[in-house]
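Residue-level listing of the chains:
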Amino acid sequence: MIQIYGAGVAGTFLYYILTKNGYRCSIFDFRKSPDCRCGWGIAYKEAKDLYSEIDLDLDEFILTVPEKVFVNGVEFKNRGIAIFDKIGLLSELWKGFVFREENAKIIVDATGSSRAFLPKIDGDRVVPTLQFKERQRIDENIYIYFERHGYAWAFPLGDEWHIGAGSVCEEKIPYLIKKLRQSYGLEEAESSCSCRAKIRMLPPSRCKPFVSNNIVGVGEAIGCVSGAGEGNVPALKSAKILFQCLENLEEYEKRILKELGWIEREQKFLDSVLRGFPAFHLLFRIILHENKRLVRHSIFDFLRIFIAGKPRP
Ligand SMILES: Cc1cc2nc3c(=O)[nH]c(=O)nc-3n(C[C@H](O)[C@H](O)[C@H](O)COP(=O)(O)OP(=O)(O)OC[C@H]3O[C@@H](n4cnc5c(N)ncnc54)[C@H](O)[C@@H]3O)c2cc1C
């Protein structure tokens, strides 16, 4: 018997892939409905392939595919980011659950930034965010305003926009949102929902142990979040790797560190940005990786953002 705690992206996917493959499995989340905090952007192709393994058609949950991504006014062509209805997708998967806690041989910590079951991480970095939904009348692109300590975003959701910001300096979050509005002409508008959240911005190598006694972590609980805050596909990937390593957990850590090695590079780059000295030598491999899956960009675009990159109104 395997007990999963946390029915977010990683926990739900793991539950379905395990039960589909004959494992006895139970899942529990302390929420009554899926967490509504953002997470609307997804690397479409990878997510589509992964979700097909549990017979879920991601296309049914795609809200829009923006043509462009703007970062501090610099325009990028979107290659692979889709905006999906994360709450709708999770709600559909939750229909198959009766939340239960069972005595189990293996406990899975899929509790995201809470990491409620694995030992706490020394020097953990959990970044606060603030987000809300509102109506706007601008073109359906992704808009980002970035500074060294964090960034603000506006994601189109079809009828509404998801607007928010995260920063290591919590007090600067309203300022980032204000700058985003000024940079792209987003008017102040009434929000239909608003909440605060947290995101773990540490690479897997700094979130050890992944396994402690009979507890094993997955997803954001073990740092599967990119340097840009992308955690959906990494959560799915880590759940798949855990499924493949269940009979041989010694392999798990090695495989996560190898197959999600790109996250290590991106988080290292983020560290350097936070210190005020961007490690441009890391960019070649980061760009090579992200060019294919997210947005088309080059080292010159990074330089425009970091050196010259003041947002254009
Ligand atoms: C504001 C914000 C915006 C984001 N935007 C994006 C984005 O656009 N694209 C992207 O790819 N990623 C995004 N992310 C990151 C992404 O949402 C997460 O990394 C991803 O959801 C992690 O998946 P997970 O399953 O590991 O954890 P989560 O999805 O966080 O799920 C954890 C689950 O555990 C439950 N839980 C917590 N504690 C307990 C407990 N003690 N017992 C039982 N259950 C518990 C919670 O209720 C929750 O359902 C964003 C994150 C934030 C905060």
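Caption draft 1: Focus on the nonpolar core. By size, the foremost hydrophobic cluster in this structure holds 85 residues, and its most contacted members are L14 and V218. Here this core takes 8 residues from helix α1 (residues 9–20), the largest share from any one element. Non-local contacts of V218, meaning those with residues more than four positions away in its chain, are made with A10, L14, V108, A110, S238, A239 and L242.

Caption draft 2: View of the sheet that holds strand β1 (residues 2–5). Spatially, the 5 strands line up as an open sheet ordered β2-β1-β8-β15-β14, and their pairing is mixed. Only two strands of the sheet have a single neighbouring strand rather than two, namely β2 (25–28) and β14 (211–212). In this structure, β14 lies alongside strand β15 (residues 215–217), joined through 2 bridges in antiparallel fashion. Looking at β15, one finds that S212 is bridged to I215. Across the sheet, α1 touches β1, β2 and β8 (106–109), and the angle it forms with β2 is around 165°.

Caption draft 3: Quick look at helix α5 (residues 232–245). End to end, α5 covers 20 Å across 14 residues, agreeing with the expected 20 Å (1.5 Å per residue, within 8%). Here α5 lies mainly inside the structure; 10 of its 14 residues are buried.

Caption draft 4: Fine view of the packing of α1 against α5. Viewed as axis vectors pointing N to C, α1 and α5 meet at an angle of 35°, and their least axial separation amounts to 8 Å. Crossing geometry of α1 relative to α5 is assigned as right-handed. When α1 is examined against α5, the residues V9, A10, F13, L14, I17 and L18 are found in contact with a partner set consisting of N232, A235, L236, S238, A239, K240, L242 and F243. A class-by-class count of the residues in the contact of α1 with α5 yields 11 nonpolar, 2 polar and 1 charged.

Caption draft 5: A look at the site of the ligand. The full set close to the ligand counts 37 residues, and G6, G8, G112, G219 and G231 are the nearest of them. Every element with two or more residues in the shell around the ligand is listed here: α1, β3 (41–43), β9 (126–134), β13 (191–200) and α5. In terms of residues, the shell around the ligand owes the most to one element, α1, which gives 3 residues. The residue inventory of the shell around the ligand, partitioned by class, reads 16 nonpolar, 15 polar and 6 charged.

Thresholds, definitions, all that
- Residues numbered from 1 in each chain as written.
- Predicted model: local features only at pLDDT ≥ 70, side-chain atom pairs only at ≥ 80, totals over all residues.
- Core = buried A, V, L, I, M, F, W, Y, C linked by C-beta atoms within 7 Å.
- Buried ≥ 20, exposed ≤ 12 C-beta atoms within 10 Å, placed from the backbone.
- Helix = DSSP H or I, 4+ residues; strand = E, 2+ residues; numbered from the N terminus.
- Contact = placed C-beta atoms within 7 Å.
- Pairing = 2+ DSSP bridges.
- Axes fitted to C-alpha atoms, helices over the stretch in contact; angles between N-to-C directions.
- Expected span 1.5 Å × (residues − 1).
- Left-handed = near helix turned anticlockwise from the far one by under 90°.
- Nonpolar A, V, L, I, M, F, W, Y, C, P; charged D, E, K, R; others polar.
- Near = placed C-beta within 6 Å.

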